[in-house]
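Notes for the structure review
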Amino acid sequence: MLIVSGAMAELPTTTVALIPVAITINIVMGKIVYFSGLPLQLDSIGTVLVGILAGPAAGAATGALASIVVGMTITPGALPYAVTAALIGFVAGMLARAGWFRRVPTSLLAGGVIGVAAGVVSAPITAFVFGNAGGSVGQSVVIATFQAYGNSMLKAASLQGLVADPLDKALTVALALTLLAGLPPGYVHRFPFVQRHGVLTVRHPASNRA
């Protein structure tokens with residue numbers, strides 16, 4: 001809540017209006033994948049979208065708020081993962097600022113980086129708070145498989161995160177950029193963060209010298 005309240009006060013109207021839409025995207029896609037039994041999540045598409053368009057603070061606020069909303073209305077187990085969700089949005093915004101989303105290869109690499117960060121932070125929550133009962137069926141199966149080879153709960157959860165999360169977040173980034181491609185260019189460039197950092201525009205040396 002501190003992350004959300006601190007960030008929301010500084011956000012422009014365009015970003016504040018986007019956050020409820022982003023949270024809805026997270027919830028819908030997350031539940032579809034959860035009930036499919038796949039060892040993926042895809043519940044951070046909206047969070048990454050906001051991070052790309054509005055920066056790390058807005059991305060972190062969106063991720064944290066989405067987990068709070070889901071945790072208080074649908075799945076209480078989502079609440080402890082609010083810190084992971086906030087980190088996903090923050091890292092997406094930082095990588096957007098650094099220009100990682102200007103090209104497809106670096107965008108997918110950004111997804112991998114986000115996934116590694118999310119996996120490292122989520123593993124202790126999965127292991128110590130839920131004991132492998134907080135994820136989807138697919139995630140639980142992967143963790144149980146690693147445990148069957150003699151790994152501790154924490155190590156199994158960490159391995160699951162490092163194997164599945166980079167793929168999950170690469171797909172998440174790809175879907176977020178697909179949504180962005182469908183938006184009118186005029187709408188995208190209404191976000192000050194996009195304009196200030198050339199988030200989706202390849203900057204050439206000549207233009208930088210100018």
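Residues numbered from 1 in each chain as written. Predicted model: local features only at pLDDT ≥ 70, side-chain atom pairs only at ≥ 80, totals over all residues. Heavy atoms only, no water.

Remark: helix 3 (residues 45-54) packs on helix 4 (residues 56-73), axes separated minimally by 7 Å, with the N-to-C direction vectors making an angle of 160°. It follows that helix 3 is roughly antiparallel to helix 4 by the angle criterion. In this structure, helix 3 crosses over helix 4, and the sense of that crossing is right-handed. Contact with helix 3, carried on its side by Gly46, Thr47, Val50, Gly51 and Ala54, involves Ala58, Gly59, Thr62 and Gly63 of helix 4 and no other residues of that element. Classifying every residue of the contact of helix 3 with helix 4 by side-chain character gives 3 nonpolar, 6 polar and no charged. (Axes fitted to C-alpha atoms, helices over the stretch in contact; angles between N-to-C directions. Helix = DSSP H or I, 4+ residues; strand = E, 2+ residues; numbered from the N terminus. Parallel < 35°, antiparallel > 145°, perpendicular 65-115°, else oblique. Left-handed = near helix turned anticlockwise from the far one by under 90°. Contact = heavy atoms within 4.5 Å. Nonpolar A, V, L, I, M, F, W, Y, C, P; charged D, E, K, R; others polar.)

Ranked by internal contacts, the top residues of the largest apolar core, which has 31 residues, are Val48, Leu53, Phe101 and Ile114. Within the residue set of this core, elements represented by two or more residues are helix 2 (13-36), helix 3, helix 4, helix 5 (82-97), helix 6 (104-130), helix 8 (153-181) and helix 10 (192-197). Top element by residues in this core is helix 3. It accounts for 7 residues. Formed by 5 residues, the second largest nonpolar core is a distinct cluster that contains Ala123, Ala127, Ile143 and Ala157. (Core = buried A, V, L, I, M, F, W, Y, C linked by side-chain atoms within 4.5 Å. Buried < 20%, exposed > 50% of the residue type's maximum accessible area, 1.4 Å probe, protein only.)

Another aspect to go through is the packing of aromatic side chains. Applying the stated criterion to the full structure yields 2 aromatic pairs. Taking the centre distance of 5.3 Å and the plane angle of 85° together, the rings of Tyr34 and Phe35 count as edge-to-face. On the basis of relative accessibility, which here comes to 66%, the residue Phe35 falls in the exposed class. Seen in terms of ring centroids, Tyr187 and Phe191 are 5.4 Å apart; in terms of plane orientation they differ by 85°. Their pairing is edge-to-face. Of the residues examined, Tyr187 reaches a relative accessible area of 24% and is grouped as partly exposed. Residue Phe191 is classed as buried on the basis of its relative accessible area, which comes to 0%. (Phe/Tyr/Trp six-rings, centres within 6.5 Å; stacked < 30°, edge-to-face > 60°.)

Let us look at the pattern of salt bridges. Inspection of every chain in the model, using the stated rule, returns 1 salt bridge. Of the charged contacts in the structure, one is a salt bridge between Lys169 and Asp168, with a shortest N-O distance of 2.7 Å. With respect to burial, Lys169 and Asp168 carry one shared label: buried. (Salt bridge = Lys/Arg side-chain N within 4 Å of Asp/Glu carboxyl O.)

With 87% of its residues at a pLDDT of 70 or more, the chain has an overall mean of 86. Looking across the chain, the model is least confident in helix 11 (residues 205-209), with a mean pLDDT of 47, and most confident in helix 3, with 97. Counting contacts from residues 206-210, a segment whose pLDDT is below 50, to residues more than four positions away or on other chains yields 1 contact. (pLDDT = per-residue confidence, 0-100.)

What follows covers helix 8. Its 29 residues place the ends of helix 8 41 Å apart at the C-alpha level, agreeing with the 42 Å of an ideal helix rising 1.5 Å per residue. Where helix 8 bends most, the angle comes to about 35°, and this point is Ala164, followed within four residues by the proline Pro166. (Expected span 1.5 Å × (residues − 1). Bend = angle between axes of the 7 residues up to and from the residue.)

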